[in-house]
Amino acid sequence: MTAQELSWLALWGATALYAIAMVASSIHLARVADAKTQAKALAATATSSADADVSGAQGLTGDSAAGSASGTAGASSAVRVRSKASGIAASTTLVGAVLNGVGVIARGFESGHVPWSTMYEYTITGTWVAVVVFLIVQRKRDVSYLAPGVTGFGTIALGLGMTVLYAQSTGLQPALQSFWLVIHVSIAIIATGIFVVGAVATVLQLWRDYRDSGSAFLQKWTWLEAVPTPAKLEALAFRLHAVGFVLWTFTVMAGAVWAEHAWGRYWGWDPKEVWSFVIWVIYAAYLHARTTQGWAGRRSAYLALIGFVALIMNFTVVNLVFQGLHSYAGV
Amino acid sequence: MSARLKLDNYAYRDVPRLGVRGWLRWMWRQVTSMRVAVILLILLALASIPGSVLPQWPQNAGDTQAFIDANPFWGPLLDATGFLDVFGSAWFTAIYLLLFASLIGCIVPRVGVYWRELREPVPAAPSRLDRYEPVEVEADSSAESVVDAARRELEGSGPFRWLTHYRVRVDERERKAPDAGRELALSAHKGHVRELGNLVFHLSLIGILLAVAAGSLLTYRGQALIVEGDTFTNAVVAYDSYESGALFSEDDLDPWTLTLESFEAEFGLDGNPLEFTAHAVLTEPGQEPRTVEAQVNRPIQVDGAKIYLQGNGYAPRFTVADGDGNVAFQGAVPFLPQDSVYTSTGVIKVPDVTSGEQLGFKATLLPTEGSSEAGPVSLHPAPGNPVIYLQAYTGDLGLDAGVPQNVYQLDESQLSPVRGDDGNPLLVRMELGETISLPDGLGTVTWEEMPRFAAFDLRRDPTLPWLLVASIGALVGLAMSLFGSRRRLWLVAAVAPPAGRKTTVVTAAAWAPAHDTAVHEDLEALVAQATGTLILVKTPPEDS
Ligand code: HEM
């Protein structure tokens, strides 16, 4: 098997596993939400009939033990649901990430340079980083509520990458043969991966927030019960965005150093540079909005999402539509 | 915390007094408020976008002109309103200058506040810790030794303690509750690193702006094309194009010379470029000549300037003899590559003929000739089978008019093509080393050699080191500000043990912003260290 075939197979495998992980983690989330609703109901009703209620909860959560939804504690926060779905989600995400990694590395061997010089390579590497970031955060604390969003993103991004963006690997143009390519682009990809997870947390924050304040439509989404409070999500999203922002700042600066080396000017308002700047400024606005009266919470969350949209734009529309020096990186 | 409340002017609720000064002060407060900073940042992002969508004069004048020509209504309108030079437009400038005014108004006072706060003692522990979910443990040691141990732990040691550790204060005071004895109250604050980082970051942004502005005044850049074997001398006249900032004087140019010994170009089998290297000798005044190399990402450094390799191509060397048999032209002529297989075009102008009309030639070079349905084409950029197709003209080259001419173009207005026997304009195919004779005894053309040329872009910007320092400052400051924690820890120990017991009651609590959940681990470690007990601090529930 050639490196190319290996990369191809591994990435399709990763796509399929991410899809399974997305479904399984969504099911898990729904069960957690059910168990929580149950636990709340339990706490609300008299503790005398606790036994019956617990068995009811077990019935609802199917093949799983309803965890510590014990009627006596009555604390809705203590719900732990371990279901088959969560096991499947965890293992498919992990194996998917491994395959994704194999695919990326094999592509690197195939092309003879770091695998992030075309849109296709950027996509497969960026997706991998996003999932790995999620797994790292997951190790420290339970953020399985982010799993459907992250694996869903992974499925779509990899799927589009394999079908639409795929390009045969070619040698690097002389202008791309630089230490700074490795630095600049790798940090950009890591920042992007982190922003992906941050955006997922922010979307959940907004949904949960609107649901809590009585949005009629979102009441139907009972699974949002399984997601932490808006304030908790905002705290998590902030930490992710903060790391992403520092890395993005570094990306822009390293890009300027590279441009200085390669083109003799550190900044030329090339479309790619304009958009990197726009992204940076929007996230800076987000960081300020967080600490501004009337902007903290929802409005700053919207700014973070606008920043994310700009990030995706930078990588799609700007690459494909606008002409600039960066476009010789190939599509 | 207090610093921000004092300075974020939204904390001020007073209605502005009327009168010019009152209004000015009110306006200044608006400009320096955080809300305006957010709005200005959003505006800055929005204002940049047209710069990537519409063609821009500084980036691409040709496209911009074409855009204006193609859109007779919108083109001139957008041009007049600055949309075709966004980053030089009045409105873009206004936004970022306002932003920086806001930044200075916001940050400079904070520097003073920060300085004073650093020298003031830490505020005392609150008299009641109930609001902060306190933990309570009993220690076997005395209140003094508990507090001392806690202090040592918090203040830390080593050269970097100011970066990682707490500022601490201890008071002995009356106990409010429950038995009104005395107590030792320790208060520890951390957050000065964060605030310092924030200040360094914002001040560095100002530094970046100043460095960029100074750079545009002090920089110079020029383009030059050197053929293998030729020598370039650094002087304004030697450049093909040259521009400099308002404060740069041409007398500052150092007269070094650069000789291009050889140029190496490597291509893949498919014709993709692999590597370009220019081997050159650089002679600086008063120094030994030294050999240097330029590659696409590796400029040559000289006298504070950098010489970038920007392009390359072939410069065939010709000898043209006129009808009288005298050599009328001899030299290398740079041909500009037109595509990725280096199909190149060039022009030879021969004004100095002994008698008769001036000669001009238009030539197309195919580095590796092959045939296709459409005629001969180049198959590869390397010189595998180089062939030149030449068209000759006679007449007046128009060089005497005194108007500078483009060396890559032939002004055909006063020239007529040399025709062959069939009456059609003559197109001669020639190979390297060949001599062709022109019809009607006009003379001969010999293609002697095919050296390469390298196009260099030289740039000097003395502010680059400053820009780099300011950027690194911004990055470090940003990391300090975002990752530095803002935490308060308090530990209160009753001096006398509760009635009938020998232990010391210790109460401890912590505060940090919502995203900083690790503060509870800090508290746990502190209490364990100070009292020798292992406790389980109640962390707030993870969800809902
Ligand atoms: C060029 C424009 C500006 C940029 C790019 C910028 C960027 C940033 C960034 C990235 C942060 C995050 C650091 C942190 O959260 O600690 C920050 C924080 C902050 N900025 Fe700016 N800033 C700018 C202008 C301003 C202006 C005009 C003000 C004053 C109104 C200001 C006041 C602050 C304050 C007070 C913080 C700390 C917020 C906090 O405590 O979390 N900045 N700025």
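Residues numbered from 1 in each chain as written. Chains lettered and ligands numbered in written order. Predicted model: local features only at pLDDT ≥ 70, side-chain atom pairs only at ≥ 80, totals over all residues. Heavy atoms only, no water.

Visitor: In this structure, what is going on with the overall build of chain B? I would like to understand it.
Guide: Within chain B, the secondary structure is distributed over 12 helices and 26 strands. Here chain B has a C-alpha radius of gyration of 38 Å; the compact-globule value for 544 residues is 24 Å, and the former is much larger. Across the 544 residues of chain B, 46% fall into the buried class. Counting only contacts in chain B whose residues sit at least 6 apart along the sequence, the fraction spanning at least 24 positions is 60%. Taking the average place of the 42 positive charges on the side chains of chain B and the average place of its 66 negative ones, the gap between the two points comes to 24 Å. (Helix = DSSP H or I, 4+ residues; strand = E, 2+ residues; numbered from the N terminus. Rg over C-alpha atoms; globule rule 2.2 N^0.38 Å. Buried < 20%, exposed > 50% of the residue type's maximum accessible area, 1.4 Å probe, protein only. Contact = heavy atoms within 4.5 Å. Lys, Arg positive; Asp, Glu negative; His and termini not counted. Charge placed at Lys NZ, Arg CZ, Asp CG, Glu CD.)

Visitor: Hey, could you run me through the coordination of the iron atom of the ligand in this one?
Guide: Each pair of donors in an ideal four-coordinate tetrahedral metal site encloses 109.5 degrees, whereas pairs in an ideal six-coordinate octahedral site enclose 90 or 180 degrees. All of the protein donors around the iron atom of the ligand are His288(A) (NE2) and His202(B) (NE2); their distances to the metal are 1.9 Å. The class of His288(A) is buried, set by a relative accessible area of 18%. With relative accessibility at 9%, the residue His202(B) sits in the buried group. (Donors = N, O, S within 2.8 Å, 3.2 Å for Na, K, Ca; no water.)

Visitor: Help me understand the environment of Val200(A) in this model?
Guide: All names here are of chain A. Within the element layout of this structure, Val200 appears in helix 6 (residues 179-212). Residues Val200 and Leu146 lie 54 residues apart in sequence; the distance between their C-alpha atoms is 6.6 Å. In this structure Val200 touches Leu146, Gly149 and Val150, once residues within four positions along its chain are discounted.

Visitor: Honestly, the pattern of salt bridges in this entry has me stumped. Any pointers?
Guide: Once their charged atoms are close, side chains differing in charge can pair, the charge on each being opposite to the other. All names here are of chain B. A complete count under the given rule lists 25 salt bridges over all chains for this structure. For Glu449, the salt bridge is made with Arg317, and the minimal N-O distance between the two is 3.0 Å. Note that Glu449 is positioned in strand 23 (residues 443-449) and Arg317 in strand 12 (residues 317-322), a separation of 132 residues in sequence. For Arg317, a relative accessible area of 24% gives the class partly exposed. Because the salt bridges share partners, they merge into one network encompassing Glu172, Glu174 and Arg182. (Salt bridge = Lys/Arg side-chain N within 4 Å of Asp/Glu carboxyl O.)

Visitor: I'm lost on the interface of chain B and chain A in this one. Help?
Guide: The extent of an interface is frequently quoted as the accessible surface area lost upon association of the parts. Contacts between the two partners involve 55 residues from chain B, matched on the other side by 54 residues from chain A. In this assembly, chain B packs against chain A so that about 4800 Å² is buried in total across both faces, 64% of it on carbon and sulfur atoms. Along the contact surface separating chain B from chain A lie one salt bridge. Lys306(B) is the partner of Glu260(A) in a salt bridge, and the nearest nitrogen-oxygen pair spans 3.3 Å. At the junction of chain B and chain A, the tally comes to six residue pairs in polar contact (both at pLDDT 80 or more). At the level of secondary structure, the elements contributing two or more residues to the side of chain B that touches chain A comprise helix 3 (34-48), helix 4 (50-53), helix 10 (192-218), strand 8 (273-283), strand 11 (305-314), strand 24 (452-460) and helix 11 (464-483) of chain B. Residues belonging to the side of chain B that touches chain A are distributed by class as follows: 31 nonpolar, 11 polar and 13 charged. (Buried area = accessible area lost by both parts, 1.4 Å probe. Polar contact = N/O pair within 3.5 Å; in protein donor to acceptor, adjacent residues only side chain to side chain. Nonpolar A, V, L, I, M, F, W, Y, C, P; charged D, E, K, R; others polar.)

Visitor: Help me understand the site of the ligand, please; the structure alone is not making it clear to me.
Guide: Inspection of the region around the ligand gives 24 residues, with His288(A), Cys106(B), Arg110(B), His202(B) and Ser481(B) positioned closest. Mapping the residues adjacent to the ligand onto the chains of the assembly identifies chains A and B. His288(A) is positioned with one of its side-chain polar atoms (N or O) 2.6 Å from a nitrogen atom of the ligand. Measuring from a nitrogen atom of the ligand, one finds a side-chain N or O atom of His202(B) at 2.7 Å. Within the residue set of the shell around the ligand, elements represented by two or more residues are helix 8 (271-290) of chain A together with helix 3, helix 7 (90-119), helix 10 and helix 11 of chain B. By residue class, the composition of the shell around the ligand is 13 nonpolar, eight polar and three charged. (Near = heavy atom within 4 Å.)

Visitor: It is not clear to me how unusual backbone geometry should be interpreted in this structure. Could you clarify?
Guide: A negative phi holds for most residues other than glycine; trans holds for most peptide bonds. In this structure, Trp269(A) is a non-glycine residue whose phi angle is positive, near 55 degrees. Its place among the elements puts Trp269(A) in the loop between helix 7 (230-263) and helix 8. Not every positive phi belongs to a glycine, and Glu133(B) is a case in point at roughly 50 degrees. Structurally, the position occupied by Glu133(B) is in the loop between helix 7 and strand 1 (135-139).

Visitor: In this structure, what is going on with the packing of aromatic side chains? I would like to understand it.
Guide: Aromatic ring pairs are reported here in terms of the distance separating the ring centres and the angle at which the planes meet. Following the criterion strictly, the structure yields 29 aromatic pairs over all chains and no others. Between Trp269(A) and Phe87(B), the ring centres sit 3.6 Å apart and the planes meet at 5 degrees, which makes this aromatic pair stacked. You can see Trp269(A) sitting in the loop between helix 7 and helix 8 and its partner Phe87(B) sitting in the loop between helix 6 (74-80) and helix 7, one on each of two chains. A relative accessible area of 13% places Phe87(B) in the buried class. Ring-pair connections join several aromatic residues into one group, and the members of that group are Trp267(A), Trp269(A), Phe277(A), Phe87(B), Phe92(B) and Tyr96(B). Seen from the ring of Trp295(A), Arg299(A) lies directly overhead, with NZ or CZ sitting 4.8 Å from the centre. (Phe/Tyr/Trp six-rings, centres within 6.5 Å; stacked < 30°, edge-to-face > 60°. Lys NZ or Arg CZ within 6 Å of the ring centre and 35° of its normal.)

Visitor: How do you make sense of the packing of helix 1 (residues 3-44) of chain A against helix 5 (residues 147-165) of chain A when you look at a structure like this?
Guide: Helix-helix packing is described using two parameters, namely the angle between the two axes and the distance between the axes. Residues and elements named next belong to chain A. Running from N to C, helix 1 and helix 5 cross one another at 155 degrees; their axes reach a closest spacing of 8 Å. Here helix 1 is positioned roughly antiparallel relative to helix 5, judged by the angle of their axes. Considering how the two elements wind past one another, helix 1 and helix 5 form a crossing that is left-handed. Between helix 1, through Trp8, Leu11, Trp12, Ala14, Thr15, Tyr18, Ala19, Ala21, Met22, Ser25, Ser26 and Leu29, and helix 5, the contact on the second element is made entirely by Ala147, Pro148, Thr151, Gly152, Gly154, Thr155, Leu158, Gly159, Met162 and Thr163. (Axes fitted to C-alpha atoms, helices over the stretch in contact; angles between N-to-C directions. Parallel < 35°, antiparallel > 145°, perpendicular 65-115°, else oblique. Left-handed = near helix turned anticlockwise from the far one by under 90°.)

Visitor: Just to check I follow, could you spell out the pairing of strand 3 (residues 182-190) of chain B for this structure?
Guide: The side chains of a regular strand alternate between both faces of the sheet. Residues and elements named next belong to chain B. Counting buried residues in strand 3 gives eight out of nine residues, a clear majority hidden from the surface. With eight bridges joining them, strand 2 (residues 167-174) and strand 3 adopt antiparallel strand pairing. Pairing of Glu174 across the sheet is with Arg182, part of strand 3. Two elements, strand 3 and strand 25 (residues 487-494), share eight bridges in a ladder whose sense is antiparallel. Within strand 25, the residue paired with Lys190 across the bridge is Arg487. (Pairing = 2+ DSSP bridges.)

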